[in-house]
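Report on the structure
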Amino acid sequence: MKLPKSWAEVTVPQLIELEAINNDESLKSEPYPDITKALLTLSLFSGESYEFLEDQPISYWKPQLKKLAFLDSMPSERAVQRFRSGGYNWRVNFDLTKLSGGEYIDFYELTKDRTIILQNSGKILSLFCTPCNLFGQKVNIDKLKKQELLYNAPVNVVYPLTVFFCNLLRACTKITEDYLISLNERANQEMKELKKQAQTMA
């Protein structure tokens, strides 16, 4: 049975499906919910059907589950500057100021609902990641293909980059909000001063 050895061999769609298995409330009604989850997880990563695994003795699938122990902890949140996936070398831009106005709006909309950020990870990363050839030169590819390639990149690359950019956006949004609030307060104060001066002159 071929199984991933680390997060580097797991894709985002698989991670989303794994979360669905772990959060499936209906499994609680199963006679042995933990065993059901374990077999569903094995089926997800091995490609074997649930029915096939269910028919096997515990001695068959229990050792295989130990190989998936890395799933018990999330991947590192350390973001990479370059990576290779989908037949391309990818270069990451960490500078939000290089986004166009439209891209910034897209970024904000894609991260507004935190429950589907992973589902949007390919679209999010397509705003910051540039496909390159072996010589580091930019390669032009279709927008949807680019999003799909990034969505199917390894979790150990996608997860930390997505976390980084979402945290960066929240920090920038907070700074912008604070700045706008201070501008508004200053404008209100100046308006009060002008009203006082007008009353004095009347």
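Here is a short report on the structure shown in this document.

One can find Q64 in helix 4 (residues 58–66). Among all residues touching Q64, those that are not within four sequence positions of it are M1, L3 and L42.

Grouped together as the largest cluster of nonpolar side chains are 45 residues, with contacts concentrated most on F45, F83, F107, F128, C129 and L161. Those elements that provide at least two residues to this core are helix 1 (12–22), helix 2 (33–46), helix 3 (50–54), strand 2 (88–92), helix 5 (101–112), helix 6 (121–126), helix 7 (143–151) and helix 8 (155–201). If one sorts the elements of this core by residue count, helix 8 sits on top with eight residues. Sequence-distant contacts of F83, that is, excluding residues within four places in its chain, are made with Y88, N89, W90, V92, C129, L150, V157 and L161.

It is worth spelling out the environment of K98 at this point. Position of K98 among the secondary structure elements: in the loop between strand 2 and helix 5. Using a relative accessible area of 61% as the deciding quantity, one classes K98 as exposed.

Across a sheet, paired strands are connected by hydrogen bonds in the backbone, their directions being either parallel or antiparallel. Taken in spatial order, the three strands line up as 1-2-3 in an open sheet, and their pairing is antiparallel. The sheet terminates laterally at strand 1 (82–85) and strand 3 (129–132), the two strands that pair on one side only. Across this sheet, the average inter-strand angle for adjacent strands is 30°, counted without regard to direction. As defined by bridge partners, strand 2 adjoins strand 3 across four bridges and the pair is classed as antiparallel. The residue of strand 3 that forms the bridge with N89 is C132.

Attention now moves to the packing of aromatic side chains. One pass over the full model with this rule turns up nine aromatic pairs. With a centroid separation of 6.1 Å and an interplanar angle of 70°, the aromatic rings of Y88 and W90 are classed as edge-to-face. Here Y88 falls in the buried class, since its relative accessible area comes to 16%. Ring centres 5.1 Å apart and planes at 85° place the aromatic pair F94 and F164 in the edge-to-face group. Residue F94 is found in the loop between strand 2 and helix 5, and its partner F164 is found in helix 8; the two are separated by 70 residues along the sequence. Ring pairs connect the aromatic residues F94, F107, F128, F164 and F165, which therefore count as one cluster.

Another point: the environment of V163. Tracing the backbone through its elements, the reader meets V163 in helix 8. Linking V163 and R78, residues 85 residues apart in sequence, is a C-alpha distance of 9.3 Å.

About the thresholds
- For every chain, the first residue of its written sequence is number 1, and the numbers climb from 1 along that sequence.
- With pLDDT at 70 or above as the cut-off, local features in this predicted model cover only qualifying residues; side-chain atom pairs require 80 or more to be listed or tallied, and sums for whole chains, interfaces and linings still use all residues.
- Values reported for side chains reflect all heavy atoms of the structure, with hydrogen atoms and water molecules removed beforehand.
- Starting at the N terminus, helices and strands are each numbered in turn, a helix being any DSSP run of H or I of at least four residues and a strand any DSSP run of E of at least two.
- Whether two residues are in contact is decided by their heavy atoms: any pair within 4.5 Å suffices.
- Working definition of a nonpolar core: buried Ala, Val, Leu, Ile, Met, Phe, Trp, Tyr and Cys residues. They are joined through side-chain atoms within 4.5 Å.
- Exposure is judged per residue with a 1.4 Å probe applied to protein chains only, and the accessible area is read against the type maximum: over 50% gives exposed, under 20% gives buried, and values in between give partly exposed.
- Here, a strand pair is defined by DSSP locating no fewer than two bridges between the strands.
- Here an angle of 0 to 180 degrees is reported between the N-to-C directions of two axes, which are lines fitted to C-alpha atoms, with helices fitted over the stretch in contact.
- Aromatic rings from Phe, Tyr and Trp, taking only the six-membered ring of Trp, are treated as a pair when their centres fall within 6.5 Å; an angle between ring planes under 30 degrees marks them as stacked, one over 60 as edge-to-face, and anything in between as tilted.

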